[in-house]
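Notes for the structure review
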Amino acid sequence: MGDFILFAHRGASGYEPENTLAAFERALAMGARWIELDVYAVEGELIVIHDDRLERTTNGAGFVMDGSLAYLRNLDAGKGQKTPFLREVFDLVGHCAGINIELKGPKTASPVAALIATAITTGRMTAEQFIVSSFNRKELLHFKDIYPEIRIGAIVSGVPRRCVMFAEKTGAYAVHAGKSMVNRRFIAAAHCRGLKLFVYTVNKGEDLKRMEDMGVDGVFTDYPDLWF
Ligand code: G3P
Ligand code: MG
């Protein structure tokens, strides 16, 4: 499959509780070259969790942004796993894989930029290991502004032509689009502007094959062993 990328979506979340160290460890053990995760900034820490509320993935209740760091940290995120800090994921991954960090919470651009900068200047990771993405255009533009050397991905929904125009205008590396949006025209529009097209969330072999045949550059999947 050449340069085609399988992003382990929220880690190997089809096998382990999503966005936990167990899910990222499992993805690495399966040979994933990239993992994807979602972050919120709480009391000076970046915590890795997807929803803005706690009920679906933890034994807690309420909004993530309303919880104290101590409360969030003591929750069970499944199989006794804690909600990890982003820096712990960096430590786990080291040089072994790329990380697509999705800015989910408010005011995440600046602390994520700072954490990446530290990982790079201390030689623990390299700039090529990161793609920072978001649905939140304000956070994404802010990140690009403060750390232009790191590649960004514009997660899009809506009119494909406008999405591609936005991604090009922001200097994005990639467009991240839902699989129902994707067709050959959209792919061509992205490619002719020098953008990669990554598609979420692809959990069936037949969909993976269809995406690959159409010429997308990679997919997000809960099953990073999908093609084996
Ligand atoms: O970037 C792909 C994907 O992660 C975006 O959707 O809701 O799974 O974070 P979501
Ligand atoms: Mg995500």
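Look up a bit, the structure's there.
Residues numbered from 1 in each chain as written. Chains lettered and ligands numbered in written order. Predicted model: local features only at pLDDT ≥ 70, side-chain atom pairs only at ≥ 80, totals over all residues. Heavy atoms only, no water.

1. Points about the overall build of the protein chain
Under the convention used in this document: Runs of E in the DSSP output that reach at least two residues are strands. Runs of H or I that reach at least four are helices, and both are numbered from the N terminus. To get the radius of gyration, use the C-alpha atoms; to get the globule rule, take the number of residues to the power 0.38 and multiply by 2.2 Å. Type-normalised accessible area, obtained with a 1.4 Å probe on protein chains alone, sets the label of each residue: buried when under 20%, exposed when over 50%, and partly exposed for intermediate values. Every residue pair with non-hydrogen atoms within 4.5 Å of one another is taken to be in contact. Shrake-Rupley sampling with a 1.4 Å probe provides the accessible areas, and residues are treated as covered by the protein chains on show and by no other component. By the counting rule applied here, Lys and Arg register as positive and Asp and Glu as negative, while His and the ends of each chain are not counted. We put the charge of a Lys on NZ, of an Arg on CZ, of an Asp on CG and of a Glu on CD.
Along the protein chain, the regular secondary structure elements total eight helices and nine strands. A compact globule built from 228 residues should have a C-alpha radius of gyration of about 17 Å, and the protein chain, at 17 Å, falls within 12% of that. Scored against the burial criterion, the 228 residues of the protein chain give a buried share of 54%. For the protein chain, long-range pairs separated by at least 24 residues make up 56% of all intrachain contacts whose partners lie at least 6 apart in sequence. Accessible surface for the protein chain amounts to roughly 10200 Å². Of this, 52% is attributable to carbon and sulfur atoms. One finds the centroid of the 27 positive side-chain charges in the protein chain at a distance of 6 Å from the centroid of its 28 negative side-chain charges.

2. Examining the site of ligand 1
So the rule is basically this: One heavy atom within 4 Å of a molecule or strand is enough for the residue carrying it to be called near that molecule or strand. Residues adjacent in sequence count toward polar contacts only when both atoms are side-chain atoms; beyond that, a polar contact is any pair of N or O atoms within 3.5 Å, and within protein one must be able to donate a hydrogen and the other to accept it. Following the grouping adopted for this structure description, the nonpolar residues are Ala, Val, Leu, Ile, Met, Phe, Trp, Tyr, Cys and Pro, the charged ones are Asp, Glu, Lys and Arg, and the polar ones are all others, Gly among them.
Taken together, H9, R10, E36, D38, H50, E102, K104, F135, I155, H176, Y200 and F220 make up the full set of residues near ligand 1. Note that an oxygen atom of ligand 1 is positioned 2.7 Å from one of the side-chain N or O atoms of K104. Across the complex, the protein chains shield 92% of the 300 Å² of accessible surface that ligand 1 would expose by itself. Grouping the amino acids of the shell around ligand 1 by side-chain chemistry returns four nonpolar, three polar and five charged.

3. Description of the packing of helix α3 (residues 86-93) against helix α4 (residues 109-121)
To keep things clear, this is the line we draw: As a rule, the C-alpha atoms of each element are fitted with a line to give its axis, helices using only the stretch in contact, and angles between N-to-C directions run from 0 to 180 degrees. The scheme is simple: roughly parallel for angles under 35 degrees, roughly antiparallel for over 145, roughly perpendicular for 65 to 115, oblique for anything else. Left-handed describes a crossing whose near helix is turned anticlockwise from the far helix through less than a right angle; right-handed describes the clockwise counterpart.
Running from amino to carboxyl end, α3 crosses α4 at an angle of 30°, the nearest separation of the two axes being 11 Å. Accordingly, the angle class assigned to the pair α3 and α4 is roughly parallel. Handedness of the crossing formed by α3 with α4: right-handed. Touching L86, R87 and F90 of α3 are V112, L115, I116 and A119, all from α4. Among the residues making up the contact of α3 with α4, the classes are represented as six nonpolar, no polar and one charged.

4. Here we look at the side chain of D217
Going by this rule: Every case where a carboxyl oxygen of Asp or Glu lies within 4 Å of a side-chain nitrogen of Lys or Arg is listed as a salt bridge.
Summarising the element assignment, D217 is placed in the loop between α8 (205-214) and β9 (218-221). The buried charged residue D217 lacks any salt bridge partner; its closest oppositely charged side chain belongs to K196, at an N-O distance of 4.3 Å. At 2.7 Å, the side chain of D217 and the backbone nitrogen of L197 are in polar contact. The residues contacting D217, other than those within four sequence positions of it, are D3, F4, I5, H191, L195, K196, L197 and F198.

5. Examining the coordination of the magnesium ion (ligand 2)
In an ideal tetrahedron of four donors about a metal, each angle is 109.5 degrees. In an ideal octahedron of six donors, the angles are 90 or 180 degrees. Let me state the cut-off plainly: Only nitrogen, oxygen and sulfur atoms within 2.8 Å of the metal, or 3.2 Å for Na, K and Ca, are treated as donors, and water is left out, so sites may look incomplete.
At 2.0 to 2.2 Å from the magnesium ion (ligand 2) lie its protein donor atoms, namely E36 (OE), D38 (OD) and E102 (OE). Between the donor residues of the magnesium ion (ligand 2), the gaps in sequence give the motif E-x1-D-x63-E. A single burial state applies to E36 and to D38, both of which are buried.

6. With respect to the nonpolar core
The nonpolar side chains of a soluble globular protein tend to be buried, and buried together. Put simply, the rule reads: Residues enter a nonpolar core if they are buried and are Ala, Val, Leu, Ile, Met, Phe, Trp, Tyr or Cys, with the set joined through side-chain atoms within 4.5 Å.
In this structure, L37, I99, I101, V112, I116, F143 and L197 are the most contacted members of the largest nonpolar core, which totals 59 residues. No other element matches the five residues that α4 contributes to this core. Not counting residues up to four positions away in its chain, the partners in contact with I116 are F90, I101, F130, V132, F143, Y147 and I150. Membership of the second largest hydrophobic core comes to 10 residues, among which are Y40, I47, L54 and L72.

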